[in-house]
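So you can see what is in the structure, the chains are spelled out below.
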Amino acid sequence: MRARLAIFAAFAALAGPAQAQATLPFVLKQLGTGVYAAIDGPDHKSGSNAGFVIGDDGVLVVDSFFNQDAARALVAEIHRLTPKPIRYVVNTHYHADHTGGDQVMRDAGAIIVAHRNVRGWVRTNNVNLFGDRITPELKARIEALPLPDLVTDTDLTIWLGSRKVVVRTVLGHTGGDLTIFLPDANVLFCGDMLWRKVAPNLIDGSVKEWAATDADFARMPHETRFVPGHGDVADLDDVKDFRAYLLDLQRLVGTGRKAGLEGDTLARDVAPKLRARHPDWSISDRAAASEIRYMDQELAGTKRRPVPLPD
Ligand SMILES: [Zn+2]
């Protein structure tokens, strides 16, 4: 009987945390003292990556996922790791897969910090992001997203007690992008300025600006860890790989255009060449078709990007 009880207790002890971990829609990865990346799980139930920083007197969260349940799970994980209050959530950009859980963060005590353009875009332009996949429920959810409390169009330093968090404005993905850097841990939260081995969404982007920003990332010290918006935690080689992907896309679409290709014909020409150059990347047919179309528009000078709105 005692043996059976002991076995049961051991099993229960194993099952507890393992079960909790198994149900999380993201994988927490510690990148330094009090610095965590929350990487979207294999089923993509979070919708994107997020992360957080525990300072002396509070916690700063980076992005809030698309899925509110994932945001609640992130808050629970933070509370499991520290009794300190959640004070900020910094949105890397307005896209709903990074801002969908903002209300959860606000309810947990956070001030929502974002680029100044996010206020004008988060409830309207996110509808475009989903295109023909939009449902009435999703549209209503987008129109109810909270507006940021504190906005900036310049670099910002946030102090968590003695811990310095550097928020920078960068160009490339939407026209309202921020990165978050932890100098004491050499960790850069890149948002969608970096994707690791996943085809990026170019809907609002400028590849020209984007590649220039990633060139700046590539000049950071070798030990820097980069948290991308999608895909696993990245190193300097991944940053260079992503930049090479953008430049390959630009070059292949440019060559196709010079050969007179357009529309579906251009996509059919470029997609296999892009995949051949990046065989370890995940490039869905849908992603390939749309990024080739957007690249074509950028080179033609007809690309539409979100326009900053007055306050
Ligand atoms: Zn995005």
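Residues numbered from 1 in each chain as written. Predicted model: local features only at pLDDT ≥ 70, side-chain atom pairs only at ≥ 80, totals over all residues. Heavy atoms only, no water.

**A short note on the packing of aromatic side chains**
Thought 1: Per the counting criterion, the structure on display carries 8 aromatic pairs.
Thought 2: Ring centres of Trp210 and Phe242 lie 6.0 Å apart, and the angle between their planes is 55°; on these two criteria the pair is classed as tilted. Of this pair, Trp210 sits in helix H8 (residues 207-218) while Phe242 is found in helix H9 (residues 236-258), placing the two residues 32 residues apart along the sequence.
Thought 3: The class of Trp210 is buried, set by a relative accessible area of 0%.
Thought 4: For Phe242, a relative accessible area of 0% gives the class buried.
Thought 5: Note on Phe217 and Phe226: the rings are 6.4 Å apart at their centroids and 35° apart in plane angle, and the pair reads as tilted.
Thought 6: Through a chain of ring-to-ring contacts, three or more aromatic side chains come together here, namely Trp210, Phe242, Tyr245 and Trp281.
Thought 7: A cation over a ring is seen here: Arg141 above Phe66, with NZ or CZ 4.6 Å from the ring centre.
Thought 8: Across from the ring centre of Tyr294, 5.1 Å away, lies the NZ or CZ of Arg293, which sits over that ring. (Phe/Tyr/Trp six-rings, centres within 6.5 Å; stacked < 30°, edge-to-face > 60°. Helix = DSSP H or I, 4+ residues; strand = E, 2+ residues; numbered from the N terminus. Buried < 20%, exposed > 50% of the residue type's maximum accessible area, 1.4 Å probe, protein only. Lys NZ or Arg CZ within 6 Å of the ring centre and 35° of its normal.)

**What about the environment of His93?**
Thought 1: Mapped onto the elements of the fold, His93 is located in the loop between strand E5 (86-90) and helix H3 (96-99).
Thought 2: Residues His93 and Arg286, 193 residues apart in the sequence, show an inter-C-alpha distance of 23 Å.
Thought 3: When residues no more than four places from it in sequence are discounted, the contact partners of His93 are His98, Thr99, Val118, His173, Thr174, Gly176, Asp177 and Asp192.
Thought 4: Within the local environment of His93, its side chain forms a polar contact with the side chain of Thr92, the two groups lying 3.0 Å apart. (Contact = heavy atoms within 4.5 Å. Polar contact = N/O pair within 3.5 Å; in protein donor to acceptor, adjacent residues only side chain to side chain.)

**Re the side chain of His230**
Thought 1: Tracing the backbone through its elements, the reader meets His230 in strand E12 (residues 225-230).
Thought 2: Judged by its relative accessible area of 14%, His230 falls in the buried class.
Thought 3: Side chain to side chain, His230 and His98 meet in a polar contact 3.4 Å long.
Thought 4: A polar contact of 3.4 Å, which involves the side chain of His230, links it to the side chain of Asp192.
Thought 5: Setting aside its immediate chain neighbours within four residues, His230 contacts Gly47, Ser48, Asn49, Asp97, His98, Asp192, Leu194, Trp195 and Arg196.

**Concerning the sheet that holds strand E8 (residues 156-160)**
Sheet strands associate in pairs through backbone hydrogen bonding, adopting either a parallel or an antiparallel arrangement.
Thought 1: Pairing is mixed across the open sheet formed by 5 strands, whose spatial order is E8-E9-E10-E11-E12. Only two strands of the sheet have a single neighbouring strand rather than two, namely E8 and E12. The average undirected angle you get between the axes of adjacent strands in this sheet is 25°.
Thought 2: With 5 bridges connecting them, strand E11 (residues 187-195) and E12 associate as parallel partners. The partner of Phe189 across the bridge, within E12, is Val227. (Pairing = 2+ DSSP bridges. Axes fitted to C-alpha atoms, helices over the stretch in contact; angles between N-to-C directions.)

**Regarding the pattern of salt bridges**
A pair can form between side chains of opposite charge whenever their charged atoms are brought close.
Thought 1: A full pass over the atoms with the stated rule returns 19 salt bridges.
Thought 2: Between Lys29 and Asp232 there is a salt bridge whose closest N-O contact spans 2.9 Å. Highlighted residues: Lys29 in strand E1 (residues 26-32) and Asp232 in the loop between E12 and H9, separated in sequence by 203 residues.
Thought 3: For Lys29, a relative accessible area of 29% puts it in the partly exposed group.
Thought 4: The shortest N-O distance in the salt bridge between Asp184 and Arg163 comes to 2.9 Å. Remark: Arg163 occurs in strand E9 (residues 163-170) and Asp184 occurs in the loop between strand E10 (177-182) and E11; sequence separation between them is 21 residues.
Thought 5: Among the charged side chains, a salt-bridge network with shared partners connects Lys197, Asp241 and Asp280. (Salt bridge = Lys/Arg side-chain N within 4 Å of Asp/Glu carboxyl O.)

**Overview of the coordination of the zinc ion**
Thought 1: Protein-derived coordination of the zinc ion comes from His93 (NE2), His95 (ND1), His173 (NE2) and Asp192 (OD), at a distance range of 2.1 to 2.2 Å.
Thought 2: Each of the 4 donor atoms around the zinc ion contributes to a set of angles spanning 91 to 166°, which defines the coordination as irregular.
Thought 3: If you list the donors of the zinc ion from N- to C-terminus, the spacing comes out as H-x1-H-x77-H-x18-D. Of this pair, His173 sits in the loop between E9 and E10 while Asp192 is found in strand E11, placing the two residues 19 residues apart along the sequence. For the residue pair His173 and Asp192, the accessibility class agrees, reading buried in each case. (Donors = N, O, S within 2.8 Å, 3.2 Å for Na, K, Ca; no water. Tetrahedral: all angles 85-135°; square planar, octahedral: opposite > 155°, others 65-115°.)

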